[in-house]
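Residue-level structure breakdown
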Amino acid sequence: MTEPTQPPHDEPHGGALGSRLNWLRAAVLGANDGIVSTAGLVVGVAGATSDRAALLTAGLAGLLAGSMSMAAGEYVSVSTQRDSERAALAVEKRELREQPQAELEELTGLLEERGLSREVAREAAEQYTARDALRAHARVELGIDPDELSNPWHAAWASFLAFTVGALLPLLAIVLLPADRRLPVTVAAVLASLVLTGWSSARLGAAAPGRAVLRNVAGGALAMGVTYAVGTLLGAVGV
């Protein structure tokens, strides 16, 4: 009887999975920011005027300003993180050169803290050190993969694209639809998209989606309600 073929075991583990989830979560949150901020802006302008050109101008300005701000913020933040990682690696490299025995003891202790016996931890530490001491200490002691340091350009582009994709939904809805339908359809589309991003962010964080969706939708609805009220008031007084 032929044995059943076992499927290949290609499930991602450890840092690769964590990194992928972090990128996905950042993308979802970036898109969510684009949806809420742009929706609040164009709905507020729609409260003051029905002029399509004014709505398009405001929406595009908000989209570009928001996406560039997100990209710049991510670039600065991740650049700082990468500089810190490089500095920590430089310190570790110097310590390994100047105090190899102390570093070996430190690595042994760290492996013991992870549940290995003293003998096994010592043997593993010696093998790790012989193979690549810096990489071993970077991963076990610092939680850093020297081959995959944070990339600020990747983070900046990811944030830029995520925000832009999210912002396009309310912008296109408010601009392309007829005047009598643009506001209710835009609000409905925005709330539906916030349900999706709230559910996605909760699932990526292994949390129950109910409260996350409710918070997301309530926040978006409040933002649109406030900006629409302000826009209507300003439009009524002719500002």
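Now for a quick tour of the structure. (Residues numbered from 1 in each chain as written. Predicted model: local features only at pLDDT ≥ 70, side-chain atom pairs only at ≥ 80, totals over all residues. Heavy atoms only, no water.)

Some thoughts on the overall build of the protein
- Counting secondary structure elements, the protein contains 7 helices and 0 strands.
- Across the 239 residues in the protein, those meeting the buried criterion constitute 31%.
- Looking at the protein alone, contacts between residues at least 24 apart form 70% of all its contacts between residues at least 6 apart. (Helix = DSSP H or I, 4+ residues; strand = E, 2+ residues; numbered from the N terminus. Buried < 20%, exposed > 50% of the residue type's maximum accessible area, 1.4 Å probe, protein only. Contact = heavy atoms within 4.5 Å.)

Some thoughts on the side chain of E103
- For E103, the position within the fold is in helix α3 (residues 100-113).
- Despite being buried, E103 has no salt bridge partner; R94 is the closest side chain of opposite charge, sitting 9.2 Å away.
- If sequence neighbours within four positions are ignored, E103 has contacts with E92, E95, L96, H137 and E141. (Lys, Arg positive; Asp, Glu negative; His and termini not counted. Salt bridge = Lys/Arg side-chain N within 4 Å of Asp/Glu carboxyl O.)

Section: α3
- The end-to-end C-alpha distance of α3 is 20 Å, a good match for the 20 Å that 14 residues give at a rise of 1.5 Å each.
- Within the span of α3, buried status applies to E103, L104, L107, T108, L110 and L111. All buried residues of α3 lie within an arc of 160° about the axis, which places them on one face of the element. Away from the buried face of α3 by more than 90 degrees, exposed residues Q101 and E113 are located.
- Downstream of α3 by a residue or two, G115 has a phi angle that is positive, lying close to 110°. (Expected span 1.5 Å × (residues − 1). Arc of directions from axis to C-beta.)

Observations concerning the packing of α3 against helix α4 (residues 118-142)
- Closest axis-to-axis distance for the α3/α4 pair is 8 Å, and the angle between their directions is 110°. By the angle between their axes, α3 is roughly perpendicular relative to α4. Within the contact between the two elements, α3 uses Q101, E103, L104, E105, E106, L107, T108, L110, L111 and E112 and α4 uses R118, A121, R122, A124, A125, E126, Y128, T129, A136, H137, V140 and E141.
- Broken down by class, the residue content of the contact of α3 with α4 amounts to 10 nonpolar, 4 polar and 8 charged. (Axes fitted to C-alpha atoms, helices over the stretch in contact; angles between N-to-C directions. Parallel < 35°, antiparallel > 145°, perpendicular 65-115°, else oblique. Nonpolar A, V, L, I, M, F, W, Y, C, P; charged D, E, K, R; others polar.)

A few points about the side chain of H137
- Looking at where H137 falls in the secondary structure, it is placed in helix α4.
- The buried category is assigned to H137, whose relative accessible area is 0%.
- Among the polar contacts made by the side chain of H137, one reaches the side chain of E92 at a distance of 3.3 Å.
- Here the side chain of H137 touches E103 through a polar contact of 3.3 Å, landing on its backbone oxygen. (Polar contact = N/O pair within 3.5 Å; in protein donor to acceptor, adjacent residues only side chain to side chain.)

Observations regarding the nonpolar core
- Residues L55, I174, V190 and M224 are the most contacted members of the largest nonpolar core, which totals 17 residues.
- Mapped onto this core, the elements with two or more residues apiece are α1 (14-48), α2 (52-98), α5 (152-176) and α6 (179-204).
- Here the element with the most residues in this core is α1; it accounts for 6 residues.
- Setting aside its immediate chain neighbours within four residues, M224 contacts A39, G40, V43, V187, V190 and L191. (Core = buried A, V, L, I, M, F, W, Y, C linked by side-chain atoms within 4.5 Å.)

A word on a nonpolar patch on the surface
- A contiguous nonpolar patch, built from L222, V226, V230 and L234 and spanning about 340 Å² of accessible area, is present on the exposed surface.
- Mapping L222 onto the fold places it in helix α7 (residues 209-236). (Patch = residues over 30% accessible without salt bridge, like charges linked within 9 Å, V, L, I, M, F, W, Y side chains within 5 Å. Areas by Shrake-Rupley, 256 points an atom, 1.4 Å probe, with all protein chains shown as cover.)

A word on the pattern of salt bridges
- Applying the stated criterion across every chain, the model contains 6 salt bridges.
- Where R122 meets E105, a salt bridge forms, and the shortest distance between an N and an O atom there is 2.4 Å. Of this pair, R122 sits in helix α4 while E105 sits in helix α3; the two residues are 17 residues apart in sequence, bridging distant segments of the chain.
- In this structure R122 comes out as partly exposed when scored by relative accessible area, which is 21%.
- By relative accessible area, E105 is classed as partly exposed at 36%.
- Measuring nitrogen to oxygen at the nearest pair gives 2.9 Å for the salt bridge that ties E112 to R118.
- Look at E112 and you get partly exposed, because its relative accessible area is 29%.

So, the environment of L60
- Here L60 lies in helix α2.
- Here the alpha-carbon distance between L60 and T38, two residues 22 residues apart in the chain, equals 8.8 Å.

A few points about the packing of α5 against α6
- Contact geometry of α5 with α6 gives a least axis separation of 8 Å together with a crossing angle of 165°. By the angle between their directions, the pair α5 and α6 is classed as roughly antiparallel. Seen from above, α5 lies across α6 with right-handed handedness. Residues L169, P170, A173, I174 and V175 of α5 form the contact with α6, whose participating residues are R182, L183, T186, A189, V190 and S193. (Left-handed = near helix turned anticlockwise from the far one by under 90°.)

Nothing here speaks to function; it is geometry throughout.
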